[in-house]
There are 2 protein chains.
Amino acid sequence: MDPHLLRTYVTVARLASFSEAARELGYTQSAVSQHIAALEQDLGAPLLTRRPVAPTAAGERLLEHAGPLLLRLDAARADVVRMAAAPAHGLTLATTPTALGPGVLGALPAAGVTLRVLTRDEIPAAVATGTADLGLVDGLAAPSDPLRLPDVAPLTTHGVAEEPVSVLLPTGHPLAGRTGLRLGDLADARWLDAPDAALPLAHLRGANGGGAFRPALRYEGTDLRTLTALTAAGHGLTLLPRSTATGIPGTVAVALTAPRVVHRTELLHGGAPRGAAAEVVRQLVERA
Amino acid sequence: MDPHLLRTYVTVARLASFSEAARELGYTQSAVSQHIAALEQDLGAPLLTRRPVAPTAAGERLLEHAGPLLLRLDAARADVVRMAAAPAHGLTLATTPTALGPGVLGALPAAGVTLRVLTRDEIPAAVATGTADLGLVDGLAAPSDPLRLPDVAPLTTHGVAEEPVSVLLPTGHPLAGRTGLRLGDLADARWLDAPDAALPLAHLRGANGGGAFRPALRYEGTDLRTLTALTAAGHGLTLLPRSTATGIPGTVAVALTAPRVVHRTELLHGGAPRGAAAEVVRQLVERA
DNA sequence: CCACTCCATCAGCACTGCTTATCGAGCATG
DNA sequence: CATGCTCGATAAGCAGTGCTGATGGAGTGG
């Protein structure tokens, strides 16, 4: 199971074409064909149907494995190379939209920082492969419980902040006057399902006792402003950390009192942060 | 980064010898030397010091990556091959000592079952690589919260049982008469640290509020009987699921009332269980 | 019915990756 | 201080892998 073969397999599956994959990978069509044949012979099972080109059941299974595998491979290479290479003078920080609190911003150096707003899942991958030097992820958790992160690579995590969670409601909402809300009060509410911009409702699945939420509208993207505009317009409620939920025009933020979860943000980095990254880590961890 | 090179690297690091590694891998010493040289050139950093042979800082880092990586690779191969191969007539079930409740035993077929008691960490690996068809893992969790399992491969999990947690005390213990115990009552107690046989105390780290436990004796192994004998002899307390904690000579089981955690056991399997395994999965999942 | 696209297959060739053989450095021994 | 031994690096040689370019057969649209 050569990673090269795996890589051509996933591109063939993605493009649904041997020739296209060959073009993208810089091989001849013949080579791609041989790669797939080699893989199929090695594993003893057909992976693709030809005409049309589509993964078989076994091939689907392999695809599920291939992504994380190639990611880990990249991560390993990046991690080792990072140890040897000179520390870059810049600093790249990957973050979710809701993880970047004022405390973190204060710890960043004045110049030379690149900020990159990504999806929750993309951040560990970015840090592992060296696309970003540091990562900030957030999510809902029981107080002082660590977040559940996909372990794409051996990364180091530090909790850097915890704060209460708020429900964002449009100003006219019947519950907008409350001082606190229990999740049970909101069982029948319409929610915005915005896993990448706000706090994902899926995190509450366990605490909720099995009752599924009714997502009114699914929002894919990382822009908080349009998301809050959607709740202001009455398209559904949103879960946000308190500090980012307050002061948004057309909305009211009400504290979530039950279940007892907090918005937790954690700092991620690879093996040995160097240069500016090390400095930021030191400052943030010392404070916590 | 050929997996072959990675494999020889880890064996060289493990054996601290090029020649020994060559013997174990069935290569010549020359080949091993060339493998390491190729890896070092590819990554642009020395990975091993020679004389004595030991990993450098970068090499240590690579070692951390290599294990999970090779494991995932095996898992991927096993998973795909499993789809194509005929369903084995036997059934191998990997389990922790405390996960095997009476409910599970009832669902097993009368003959053809191999039971394999392993460490918590070994079970996902065994299921992923096909060493076992099914796995049972257990641990402490908030009610109806899933366990935190290392994701070595895309595995499917089903919760199959939850039950209260008990503290196992020697009969003469001052707290043995209680009907329920809070963790705070036991802050000064001596605990047996037996992560592979009993429930690992580390799982309570978060709920405990930061106070570390004092492990009196560390027990490595998966035999429950000698472990319970140790607590009976007063060497320290043990955390067990209620059903396995009751009726052990020389000990008393007292319910743990706070924090509110349960002993949860989950069933693990790869992509598509076949034959006898599928039947067991169906039965256990339907019941839950 | 023909032209075209797409994947499989074949032949040829360069190069990789192994082996055997040899060397040099470190280390113990007499 | 010389000698023998172990261990890893290096050189040369050779077989097999893995690529390219060319050709063939199957399906598809005009």
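Conventions we followed
Residues numbered from 1 in each chain as written. Chains lettered and ligands numbered in written order. Predicted model: local features only at pLDDT ≥ 70, side-chain atom pairs only at ≥ 80, totals over all residues. Heavy atoms only, no water. UniProt positions renumbered as here; feature names shortened; annotations may be inferred. Least-squares fit on C-alpha atoms with pLDDT ≥ 70 in both. Contact = heavy atoms within 4.5 Å. Near = heavy atom within 4 Å. Polar contact = N/O pair within 3.5 Å; in protein donor to acceptor, adjacent residues only side chain to side chain. Helix = DSSP H or I, 4+ residues; strand = E, 2+ residues; numbered from the N terminus. Pairing = 2+ DSSP bridges. Axes fitted to C-alpha atoms, helices over the stretch in contact; angles between N-to-C directions. Salt bridge = Lys/Arg side-chain N within 4 Å of Asp/Glu carboxyl O. Buried < 20%, exposed > 50% of the residue type's maximum accessible area, 1.4 Å probe, protein only. Parallel < 35°, antiparallel > 145°, perpendicular 65-115°, else oblique. Left-handed = near helix turned anticlockwise from the far one by under 90°. Nonpolar A, V, L, I, M, F, W, Y, C, P; charged D, E, K, R; others polar. Buried area = accessible area lost by both parts, 1.4 Å probe. Core = buried A, V, L, I, M, F, W, Y, C linked by side-chain atoms within 4.5 Å.

Naming follows an unreviewed UniProt entry, where chain A appears as LysR family transcriptional regulator of Streptomyces diastatochromogenes. Checking UniProt for chain A, the heading Sequence similarities (unreviewed entry) contains the comment "Belongs to the LysR transcriptional regulatory family."

Trainee: Account for the relation of the copies chain B and chain A, with residues named and values stated.
Mentor: After a rotation of 180° and a shift along the axis of 0.0 Å, chain B superposes on chain A with an RMSD of 0.1 Å. On this basis, the relationship between the two copies can be described by a two-fold rotation axis. An overlap of 100% is found between the interface residues of chain B and their copies at the interface of chain A, pointing to a shared contact surface.

Trainee: Hey, could you go over the protein's contact with DNA strand D for me, with residue numbers and the actual values?
Mentor: Lining the immediate surroundings of DNA strand D are 17 residues, of which A:Thr28, A:His35, B:Ser19, B:Ser33 and B:Arg50 lie closest. A:Thr28 places a polar side-chain atom, nitrogen or oxygen, 2.5 Å from a phosphate oxygen of DNA strand D. B:Ser30 is positioned such that a nitrogen or oxygen atom in its side chain is 3.0 Å from a base oxygen of DNA strand D. Those elements that place two or more of their residues in the surface near DNA strand D are α3 (29-43) of chain A together with α2 (18-25) and α3 (29-43) of chain B. No other element matches the 4 residues that α3(A) contributes to the surface near DNA strand D.

Trainee: With reference to specific residues and values, describe the sheet that holds strand β8 (residues 180-182) of chain A.
Mentor: Residues and elements named next belong to chain A. Sheet architecture is open: 4 strands sit in the order β8-β12-β7-β11, paired in mixed fashion. Either end of the sheet is taken by a strand with one partner, and the two such strands are β8 and β11 (238-241). The mean inter-strand angle of the sheet, taken between neighbouring strand axes irrespective of direction, is 45°. Of the strand pairs in this sheet, strand β7 (residues 165-170) and strand β12 (residues 251-258) are connected by 5 bridges, and their pairing is antiparallel. Looking at β12, one finds that Pro 170 is bridged to Thr 251.

Trainee: Account for the pattern of salt bridges, with residues named and values stated.
Mentor: All names here are of chain A. Inspection of every chain in the model, using the stated rule, returns 32 salt bridges over all chains. A salt bridge links Arg 282 to Glu 279; the nearest nitrogen and oxygen atoms lie 2.8 Å apart. Here Arg 282 pairs with Glu 279, and both are found in helix α9 (residues 276-287), just 3 residues apart, close to one helical turn. Overall, Arg 282 belongs to the partly exposed group, its relative accessible area being 41%. Its relative accessible area of 37% is what places Glu 279 among the partly exposed residues.

Trainee: Account for the packing of helix α1 (residues 3-15) of chain A against helix α4 (residues 57-84) of chain A, naming residues and giving values.
Mentor: All names here are of chain A. Here α1 crosses α4 at 125°, and the two axes come no closer than 10 Å. As summarised for this structure, α1 and α4 are arranged oblique, according to the angle between their axes. In the packing of α1 onto α4, the handedness of the crossing is left-handed. Seen from α1, the contacting residues are Pro 3, Leu 6, Arg 7, Tyr 9, Val 10 and Ala 13; seen from α4, they are Gly 59, Glu 60, Leu 62, Leu 63, Ala 66, Leu 69, Leu 70 and Leu 73. Residue composition of the contact of α1 with α4, grouped by class: 11 nonpolar, 1 polar and 2 charged.

Trainee: Tell me what's going on with the side chain of A:Asp79, and back it up with residues and numbers.
Mentor: Relative to the helices and strands, A:Asp79 is located in helix α4. Judged by its relative accessible area of 2%, A:Asp79 is buried. Polar side-chain contacts of A:Asp79 include one of 2.5 Å to the side chain of B:Arg61. Leaving out residues up to four positions away in the same chain, A:Asp79 has contacts with A:Gly271, B:Arg61 and B:His65.

Trainee: Outline the sheet that holds strand β11 (residues 238-241) of chain B, listing residues and values.
Mentor: All names here are of chain B. Read across the sheet, 4 strands follow the order β8-β12-β7-β11 without closing on themselves; strand pairing throughout is mixed. Looking at the sheet topology across the chains shown, the edges are occupied by β8 (180-182) and β11. In this sheet, adjacent strand axes meet at a mean angle of 45° when their direction is disregarded.

Trainee: Tell me about the interface of chain B and chain A, and please be specific about residues and values.
Mentor: Across the boundary between the two partners, chain B contributes 36 residues, which contact 36 residues of chain A. Area buried by chain B at its contact with chain A is led by B:Arg61, B:Val80 and B:Arg148, which between them contribute 19% of it. Of the charged contacts in the structure, one is a salt bridge between A:Arg61 and B:Asp79, with a shortest N-O distance of 2.5 Å. For the interface between chain B and chain A, the tally reads 11 residue pairs in polar contact (both at pLDDT 80 or more).

Trainee: Explain the protein's contact with DNA strand C to me, and be specific about the residues and the numbers.
Mentor: Around DNA strand C, 18 residues are found, and the nearest of them are A:Ser19, A:Ser33, A:Arg50, B:Thr28 and B:His35. At a separation of 2.5 Å, a phosphate oxygen of DNA strand C approaches a polar side-chain atom of A:Ser19. In the environment of DNA strand C, a phosphate oxygen lies 2.8 Å from a nitrogen or oxygen atom belonging to the side chain of B:His35. Those elements giving two or more residues to the surface near DNA strand C turn out to be α2 (18-25) and α3 of chain A together with α3 of chain B. Its residues assigned to classes, the surface near DNA strand C shows 4 nonpolar, 11 polar and 3 charged.

Trainee: Report on the nonpolar core, specifying residues and quantitative values.
Mentor: Grouped together as the largest cluster of nonpolar side chains are 47 residues, with contacts concentrated most on A:Leu39, A:Leu62, B:Leu39 and B:Leu62. Contributions of two or more residues to this core are made by α1, α2, α3 and α4 of chain A together with α1 (3-15), α2, α3 and α4 (57-84) of chain B. Not counting the four nearest positions on each side in its chain, A:Leu39 is found in contact with A:Met1, A:Leu5, A:Leu6, A:Tyr9, A:Leu47 and A:Leu62.

Trainee: An account of the packing of α1(A) against α3(A) is needed here, citing residue identities and associated values.
Mentor: Packed helices, taken two at a time, are described by the angle their axes make and the gap between the axes. All names here are of chain A. One can describe the packing of α1 onto α3 by two numbers: an axis separation of 9 Å at closest approach and a directional angle of 110°. Relative to α3, the element α1 lies roughly perpendicular. Facing Leu 5, Leu 6, Thr 8, Tyr 9 and Val 12 of α1, the residues of α3 in contact are Val 32, His 35, Ile 36, Ala 38 and Leu 39. Across the contact of α1 with α3, the residue classes break down as 8 nonpolar, 2 polar and no charged.

Trainee: Explain the environment of A:Thr95 to me, and be specific about the residues and the numbers.
Mentor: Tracing the backbone through its elements, the reader meets A:Thr95 in strand β3 (residues 91-95). The exposure class assigned to A:Thr95 is buried, which follows from its relative accessible area of 1%.

Trainee: An account of the side chain of B:His263 is needed here, citing residue identities and associated values.
Mentor: All names here are of chain B. Mapped onto the fold, His 263 is located in strand β13 (residues 262-269). At a separation of 2.8 Å, a polar atom in the side chain of His 263 contacts the side chain of Asp 138. Once you skip the residues sitting within four places of it in the chain, His 263 turns out to touch Thr 98, Asp 138, Gly 139, Ala 161, Glu 162, Glu 163, Pro 164, Val 165, Leu 199 and Pro 241.

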